[in-house]
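What follows is each chain in one-letter form.
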Amino acid sequence: MIPLLSKFQPRWRSLPFRPPPAGATVAPKVRLSTAPPEPVIPSKKPIKVELVGGKRYAWCSCGHSRKQPFCDGSHKTRAQGMTPLRFVPEKDSTVWLCGCKHTSSPPYCDGTHKQDFIVSAPLHEHAD
Ligand code: FES
C-alpha cells in the first residue's frame, strides 16, 4: 500500500453528507449530457438562395437564427457547442440550402426533409 494514500483515505471515507443550510442559494442546473446538441427545425423545406462567388457565408446549423438559412449569432446563447458552417462558393450560383438542419451534405439540401422524422417533428418557433 502506498503510505501517502493510507494517510488520507480514512478522511475521505468519513466525510459526512451535510444538506445545505436553510435559505442557501441553490446552484443553477448544469447540463450533464455529453451528447452533442441537436439542431431545431426552423423550416421543413430547402431555401433557394443566390450565392456570389468568392463571398463568405455562414450557414446556420443550429436552427435558431432569425436570418435563415444564414447565421445571426443565435447559437452563442441558444445552442452552445454548435457553430455555423462557413463556406465560400467558387462562382456565382443559385442553390438550395437546407432549412431543416438535418441534411447529410451541409449546407445543401439532400432531401432529408422528406423523411418521417422531419415531417412529423414540430417546427421551431421563436419564444420572443
Ligand atoms: S431542407 Fe434539410 S435536407 Fe432538405
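Residues numbered from 1 in each chain as written. Predicted model: local features only at pLDDT ≥ 70, side-chain atom pairs only at ≥ 80, totals over all residues. Heavy atoms only, no water.

Trainee: Residue-level account of the overall build of the chain, with values.
Mentor: Each helix and strand in the chain was counted, giving three helices and four strands. The helix and strand sequence of the chain, counted from the amino end, reads α-β-β-α-β-β-α. Counting all 128 residues of the chain, 29% fall into the buried class. A sequence separation of at least 24 residues applies to 60% of the contacts in the chain between residues at least 6 apart. (Helix = DSSP H or I, 4+ residues; strand = E, 2+ residues; numbered from the N terminus. Buried < 20%, exposed > 50% of the residue type's maximum accessible area, 1.4 Å probe, protein only. Contact = heavy atoms within 4.5 Å.)

Trainee: Account for the UniProt feature "domain: Iron-binding zinc finger CDGSH type" (unreviewed entry) in the chain, naming residues and giving values.
Mentor: Per the UniProt entry, the sites bearing "domain: Iron-binding zinc finger CDGSH type" (unreviewed entry) are residues 44-81 and 82-119 in this numbering. Secondary structure across residues 44-81 divides into 11% helix and 21% strand, with the first and last C-alpha atoms of the span separated by 23 Å. Split by type, residues 82-119 is 11% helix and 21% strand. Its first and last C-alpha atoms lie 23 Å apart. (UniProt positions renumbered as here; feature names shortened; annotations may be inferred.)

Trainee: Please provide a residue-by-residue account of the environment of Arg86, values included.
Mentor: Within the fold, Arg86 resides in strand β3 (residues 85-87). The sequence separation of Arg86 and Trp59 amounts to 27 residues, and the corresponding C-alpha distance is 6.3 Å. If near-sequence neighbours (up to four positions away) are discounted, Arg86 is found in contact with Tyr57 and Ala58.

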